[in-house]
Amino acid sequence: QVQLVESGGGLVQPGGSLRLSCAASGNIFEFNAIGWYRQAPGKEREFVGAINVGGRIDTADSVKGRFAIFRDGSKNTVYLQMNSLKPEDTAAYYCRANIPSGVYWGQGTQVTVSS
């Protein structure tokens, strides 16, 4: 079983930046994949980006060039660096880990982009 704890959400103005963190209870380099999803009010949860066990990074077209995912194995933490934020990025952001025994989610952290 894996526990995931997100942090770093908040209120930011359009064009601003935020960095989200997801601290995992296991060795993230042994995970099949770890990454981020988001869910805006009234919408389905959508993929944002992820890193797989081989280090390959996939990101959604909607955030390419603005968001970056990277990991720190010494802290078992994966980060989502969000730049040039737009109001449509407003959502609850969830960390997701895919390991051999199953899929695990964090509790989510709210990101609000508004002036």
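Our subject is the structure that appears above.
Not measured: the values here are computed from a predicted model.

(A) Summary view of the pairing of strand β10 (residues 102–105). Across four bridges, strand β9 (residues 91–99) lies against β10 in antiparallel orientation. Within β10, the position partnered with N98 by the bridge is V103. Count of turn residues in the β9/β10 antiparallel hairpin: two residues.

(B) Quick peek at the packing of aromatic side chains. Within the structure shown, the criterion is met by four aromatic pairs. Residues Y37 and F47 carry aromatic rings whose centres are separated by 5.6 Å and whose planes lie at 75 degrees to one another, so their mutual orientation is edge-to-face. Taken as a pair, Y37 in strand β4 (residues 33–39) and F47 in strand β5 (residues 46–52) lie far apart in primary sequence, 10 residues in all. Here F47 falls in the partly exposed class, since its relative accessible area comes to 31%. Consider the rings of F70 and Y79, whose centres lie 5.1 Å apart with planes at 25 degrees: the pair is stacked. Relative accessible area serves as the criterion here: at 12%, Y79 is assigned to the buried category. An aromatic cluster is present here, built from Y37, F47, Y94 and W105 joined pairwise through their rings.

(C) Inspection of the state of the cysteines at higher detail. Summed over the entire model, instances satisfying the criterion amount to one disulfide. The disulfide bridge from C22 ends at C95, spanning 2.0 Å between sulfur atoms. Handedness of the C22-C95 disulfide follows from its S-S torsion of about -80 degrees: it is left-handed. With C22 in strand β3 (residues 18–24) and C95 in strand β9, the pair connects residues that are 73 residues apart, well separated along the chain. For the residue pair C22 and C95, the accessibility class agrees, reading buried in each case.

(D) Representation of the nonpolar core. L4, I34, W36, L80, M82 and Y93 are the most contacted members of the largest nonpolar core, which has 30 residues in total. Sorting the residues of this core by element identifies β3, β4, β5, β7 (67–72), β8 (77–82), β9 and β11 (109–113) as the ones contributing at least two each. With five residues, β9 is the largest single contributor of residues to this core. Apart from residues lying up to four places away in sequence, L4 is in contact with C22, A23, A24, I34, C95, R96, A97, Y104, W105, G106 and Q107.

(E) View of the environment of P100. With respect to the secondary-structure elements, P100 resides in the loop between β9 and β10. Residue class for P100 comes out exposed when judged on its relative accessible area of 71%. Remark: the alpha-carbon pair of P100 and I57, spanning 43 residues in sequence, is separated by 19 Å.

Analysis parameters
- Residues numbered from 1 in each chain as written.
- Predicted model: local features only at pLDDT ≥ 70, side-chain atom pairs only at ≥ 80, totals over all residues.
- Heavy atoms only, no water.
- Pairing = 2+ DSSP bridges.
- Helix = DSSP H or I, 4+ residues; strand = E, 2+ residues; numbered from the N terminus.
- Phe/Tyr/Trp six-rings, centres within 6.5 Å; stacked < 30°, edge-to-face > 60°.
- Buried < 20%, exposed > 50% of the residue type's maximum accessible area, 1.4 Å probe, protein only.
- Disulfide = S-S within 2.5 Å.
- Core = buried A, V, L, I, M, F, W, Y, C linked by side-chain atoms within 4.5 Å.
- Contact = heavy atoms within 4.5 Å.

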